[in-house]
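Reading the structure
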Amino acid sequence: MTSLHRKDLGLFVLRTAVGGVLFAHGAQKLFGWFGGGGLDGTAQAMEHMGFEPGRPSALAAGIGEAGGGALLAAGLATPAAGSIIAGTMAGAIAVHAPSGFFAMGGGYEYPALLGTCGLALGIAGAGRYSIDHALGHVLARPLPSVLAFGASALAAAAVVTRRQETLRRREIREIEQAAMQQGSGLS
């Protein structure tokens, strides 16, 4: 086996592992598979985390994970898949960031790793053992790839910023309610 084939085999293994994990997480959100909450349960969780409205946010996260994961595992439109995954994981990182880095404490370590793997595979390409290779890389051309990464970065920034604004509004409401209760002697 030549060095090139070993690299392609390594890309295949990494793509299928990361893509499979992401597909499973997305299927939990969308369909309730593998012990997940399904769309309704995920929508409630998304609202609680500050992603409003919850149902479209749950749908976007589920499609980003399941769809991006399936594309990545297949090696189909790999740059777009990598950008979708990186963008989707940016939202998850924002949720876990207040808990620090390590996953053991609820931190962002795990979504950061998945997002980084998606990004790196999107940049590196799918390799020889992929649908992209079989199609002559027509879905992995440079310009669409750059556009996909740019669009994903902009969308992720908008989603995270909107979530931060939602959380700030909630905090202000809670402070105002607490002040009203104290002022009326209901504390």
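Summarised in this report is the structure supplied together with it. (Residues numbered from 1 in each chain as written. Predicted model: local features only at pLDDT ≥ 70, side-chain atom pairs only at ≥ 80, totals over all residues. Heavy atoms only, no water.)

1. Comments concerning the side chain of serine 130
- Positionally, serine 130 belongs in the loop between α5 (109–124) and α6 (131–134).
- Here the side chain of serine 130 touches histidine 133 through a polar contact of 3.0 Å, landing on its backbone nitrogen.
- In contact with serine 130, other than residues within four places in its own chain, are Arg15, Ala74 and Gly75. (Helix = DSSP H or I, 4+ residues; strand = E, 2+ residues; numbered from the N terminus. Polar contact = N/O pair within 3.5 Å; in protein donor to acceptor, adjacent residues only side chain to side chain. Contact = heavy atoms within 4.5 Å.)

2. Topic: the packing of helix α4 (residues 78–96) against helix α7 (residues 142–183)
- At a closest axis distance of 8 Å, the pairing of α4 and α7 adopts a crossing angle of 15 degrees. When the interaxial angle is binned, α4 and α7 end up roughly parallel. As α4 packs across α7, the resulting crossing turns out to be right-handed. Within the contact between the two elements, α4 uses Pro79, Ala80, Gly82, Ser83, Ile84, Gly87, Ala90, Gly91, Ala94 and Val95 and α7 uses Ser145, Ala148, Phe149, Ser152, Ala156, Val160 and Arg163.
- Within the contact of α4 with α7, the residues separate by chemical class into 10 nonpolar, six polar and one charged. (Axes fitted to C-alpha atoms, helices over the stretch in contact; angles between N-to-C directions. Parallel < 35°, antiparallel > 145°, perpendicular 65-115°, else oblique. Left-handed = near helix turned anticlockwise from the far one by under 90°. Nonpolar A, V, L, I, M, F, W, Y, C, P; charged D, E, K, R; others polar.)

3. A closer look at α7
- With 42 residues, α7 extends 62 Å from end C-alpha to end C-alpha; this agrees with the ideal 62 Å at 1.5 Å per step.
- Along α7, the residues that are buried comprise Ser145, Ala148, Ser152, Ala156, Val160, Arg163, Thr166 and Arg170.
- Each element contacted by the buried residues of α7 is listed here: α2 (38–49) and α4. (Expected span 1.5 Å × (residues − 1). Buried < 20%, exposed > 50% of the residue type's maximum accessible area, 1.4 Å probe, protein only.)

In short, shape yes, function no, at least from these values alone.
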